[in-house]
Amino acid sequence: MRLAGKVALVTGGSLGIGQAVALLYAREGAKVAICGRGRQALEETVRQIAAEGGTASAFEANVSDKAQVDRMIAGVQEQWGTIDILVNNAGICDPAPFLAITEEQWDRHMDINVKGTFLVSQGVARFMVERGVRGSIIHMSSVNGLAAEADQVHYNATKSAMINMGMSMALELAPLGIRVNSLCPGFIETRLTKPAIDGPHIGSILSSIPMARVGQPDEIASGAVFLASDESRYMTGQTLVIDGGQLIKLA
Ligand SMILES: NC(=O)c1ccc[n+]([C@@H]2O[C@H](COP(=O)([O-])OP(=O)(O)OC[C@H]3O[C@@H](n4cnc5c(N)ncnc54)[C@H](O)[C@@H]3O)[C@@H](O)[C@H]2O)c1
């Protein structure tokens, strides 16, 4: 087991990619704290992990609210004494044409995807430094942080911001023994992409992916295990793309 004895916090761990990460981390021996919105989905994931013989705990918290983030981090420490791995996975994507994006939509994306990543990272990194934990922090960015897509200006801006935040954090935290990397999934089958998968443009989406299929959450989770484990111990400030080849295709 590659994460035996570790404690991981996965934000947005109740659904989709975050849930797959939480499940795989638990199978690899980590104790997993998950946070998200909506108690029912959180508890269902904790039950699933326990049913497989793993250990998990749920924290209902909004990552863009500092008081809730601080309570969550204190709760994980109280329960398990440490945090070795953080996955900043909680995120939203609410597509709209650039000319129609409202200030409220812009702020919500920035608050959850960017400020949320900052707040949780800073709280966890401060704890790691205080306790001398040689930890790993992973930002769940996106191929949309590296290339453009119409109707996603606000979302894309947040995903690019997460990548640079990761590099800049890596620079300051490397001397303190903490690694920070970003993971960029392509088009993955979750609640977020369901409207597009069921929509009229799925054919053109698939033709943009050399592997010609939608990715599955567990295919991203295996990358998150690599970045959390000792296998990536000499790697920091990097971006790992898992996208079926989508980004390499010019036409
Ligand atoms: N699905 C994809 O194709 C895809 C591709 C690239 C990147 N991503 C990124 O992966 C991450 C997960 O995406 P998904 O498709 O699994 O989404 P999802 O909607 O299935 O799950 C999102 C999770 O985030 C949580 N969440 C949302 N807002 C929150 C908040 N304010 N505070 C705490 N938790 C919150 C939800 O409760 C849920 O657990 C996102 O950051 C997304 O941008 C997804």
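One can find the structure itself at the top, above this paragraph.
Computed from a prediction, not measured in an experiment: that's the story for all the values here.

So, about the sheet that holds strand E4 (residues 85-88). An order of E3-E2-E1-E4-E5-E6-E7 is seen for the seven strands of this open sheet, with the pairing classed as parallel. Edge positions in the sheet fall to strand E3 (55-60) and strand E7 (239-242), since each of these pairs with one other strand and no more. If you compare each strand with its neighbour and ignore which way they point, the axes differ by 20° on average. Sheet strands touched by helix H3 (residues 66-80): strand E1 (7-11), strand E2 (31-36) and E3. Its angle to E3, the strand with the most contacts, is close to 155°. Lying on the sheet, helix H4 (residues 103-131) is in contact with E1, E4 and strand E5 (136-140); it crosses E4 at an angle near 175°.

Once that is clear, we can look at the packing of helix H1 (residues 16-27) against helix H2 (residues 39-51). Contact geometry of H1 with H2 gives a least axis separation of 10 Å together with a crossing angle of 25°. Overall, the two elements H1 and H2 adopt an arrangement that is roughly parallel. Here H1 runs over H2; the crossing is right-handed. In this structure, H1 uses Gln 19, Ala 22, Leu 23 and Ala 26 to contact H2, whose residues at the interface are Thr 45, Gln 48 and Ile 49. A per-class count over the contact of H1 with H2 returns four nonpolar, three polar and no charged.

What counts and what doesn't
- Residues numbered from 1 in each chain as written.
- Predicted model: local features only at pLDDT ≥ 70, side-chain atom pairs only at ≥ 80, totals over all residues.
- Heavy atoms only, no water.
- Pairing = 2+ DSSP bridges.
- Helix = DSSP H or I, 4+ residues; strand = E, 2+ residues; numbered from the N terminus.
- Axes fitted to C-alpha atoms, helices over the stretch in contact; angles between N-to-C directions.
- Contact = heavy atoms within 4.5 Å.
- Parallel < 35°, antiparallel > 145°, perpendicular 65-115°, else oblique.
- Left-handed = near helix turned anticlockwise from the far one by under 90°.
- Nonpolar A, V, L, I, M, F, W, Y, C, P; charged D, E, K, R; others polar.

From the geometry alone we can't say anything about function, so treat these as descriptive.
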